[in-house]
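Take a look at the letters that make up each chain.
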Amino acid sequence: NTGNGYYGAYQFDAGTWRAYGGKRLPHQNSKAEQDRIAKRLYADRGWSPWPACSRKLGLREDPAYGASSAAPARDRTSARVVTPVTAGAPATVPLRSVFRITGKARPSSPITVKIRPGTKGAWQAYPKRTDARGRFSVPFRARTDYQYQVVGETRSAVKSTKVATSALAVPRSRLAAGSGRPAVHVGGTARPDSKMILFVKTSTGKWRTWTKFSTGSSGRWALDLAAPSASFRYYAKSANGLRSPIRSLSV
């Protein structure tokens, strides 16, 4: 304690130290305990809490650093069992629906739920606290595909939740221009700003690519097309690998 308002080997302020589970003040704890909590802070914020030191030393972020084993371990400084963090959410959800990230960690302890759009977006952190049984549940709205991870005494695996692809069709009373066949209006929802393929199969043919298109920022898509036959089946597939259920239509 040098008297500058920051404490211990890693120069924590008291508020940050306690937010990450520290007791008393940092310099009043063992070196191992200071290491443990500093790694938890690094896992959430990288080198940003130590800008001058990391810049002077030329340090670069390493996502693996600070990650603890997912298996139960024993904290050497307090001889207590470290509780592994588990987290899960539905693998696929409808566009704009509300889904929940749920799991377990140490009872009545602080955790951080981290979520980012896609696989390259910026992580957003949501500090939470588990209940007396160690459970947590955090709601999010599915505006696109997401990756998520929960950080507590350990870190959960990074998992994904993707926006499902839907499709439906309505026969038109008019004929499609230039084809002499009935017009069909096909539409649905998928991941926003996603490349799409519509596949069609007639009763006598094989599945084939009918058309390629893209969803807009809303995630909704709609097409008018000439019916390939009096009855056919179809589905839409998004670039995230998810396809709609196969639909049948007679016109």
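Rules used throughout
Residues numbered from 1 in each chain as written. Predicted model: local features only at pLDDT ≥ 70, side-chain atom pairs only at ≥ 80, totals over all residues. Heavy atoms only, no water. Helix = DSSP H or I, 4+ residues; strand = E, 2+ residues; numbered from the N terminus. Buried < 20%, exposed > 50% of the residue type's maximum accessible area, 1.4 Å probe, protein only. Contact = heavy atoms within 4.5 Å. Pairing = 2+ DSSP bridges. Axes fitted to C-alpha atoms, helices over the stretch in contact; angles between N-to-C directions. Core = buried A, V, L, I, M, F, W, Y, C linked by side-chain atoms within 4.5 Å. Phe/Tyr/Trp six-rings, centres within 6.5 Å; stacked < 30°, edge-to-face > 60°. Lys NZ or Arg CZ within 6 Å of the ring centre and 35° of its normal.

1. Some points on the environment of Phe12
- In this fold, Phe12 is placed in the segment before α1 (14–19).
- Using a relative accessible area of 3% as the deciding quantity, one classes Phe12 as buried.
- For the pair Phe12 and His27, spaced 15 residues apart in the sequence, the C-alpha separation amounts to 9.3 Å.
- For Phe12, the residues in contact, after removing those within four places along its chain, are Gly5, Tyr6, Tyr7, Trp17, Pro26, Ile37, Ala38 and Leu41.

2. With respect to the sheet that holds strand β5 (residues 98–104)
- Pairing within the open sheet is antiparallel, and its 3 strands lie in the order β3-β5-β8. Of all strands in the sheet, those with a lone pairing partner are β3 (86–88) and β8 (135–141), marking the two edges. Ignoring strand direction, the axes of neighbouring strands in this sheet form an average angle of 20 degrees.
- With 3 bridges connecting them, β3 and β5 associate as antiparallel partners. When the bridges of β5 are listed, Gly88 appears paired with Thr102.

3. Focus: the pairing of strand β12 (residues 182–189)
- Of all the 8 residues making up β12, 6 are buried; the element is thus mostly covered by neighbouring parts of the structure.
- As judged from the 7 bridges shared by β12 and strand β15 (residues 220–226), these two strands associate in the antiparallel manner. Within the sheet, the bridge partner assigned to Thr189 lies in β15 and is Arg220.

4. A look at the nonpolar core
- Counting 18 residues, the largest nonpolar core has Phe99, Ile101, Val113, Ile115, Phe136, Phe140 and Val150 as its most contacted members.
- When neighbours within four sequence positions are excluded, Ile101 is seen to be in contact with Ala87, Gly88, Ala89, Val113, Ile115, Phe136, Ser137, Val138, Phe140, Tyr148 and Val150.
- Ala167, Met196, Val200 and Leu223 belong to the second largest nonpolar core, which has 17 residues in total.

5. Details of the packing of aromatic side chains
- Under the definition given, this model contains 11 aromatic pairs.
- An angle of 65 degrees between the planes, with centres 6.5 Å apart, marks the rings of Tyr10 and Trp50 as edge-to-face. Here Tyr10, found in the segment before α1, pairs with Trp50, found in the loop between α2 (31–45) and α3 (51–57); they are 40 residues apart in sequence, far enough to count as distant.
- Overall, the relative accessible area of 28% leaves Tyr10 in the partly exposed class.
- Seen in terms of ring centroids, Phe232 and Tyr234 are 6.0 Å apart; in terms of plane orientation they differ by 50 degrees. Their pairing is tilted.
- Stacked on the ring of Trp123, the Lys or Arg Lys114 has its end atom at 5.7 Å from the ring centre.

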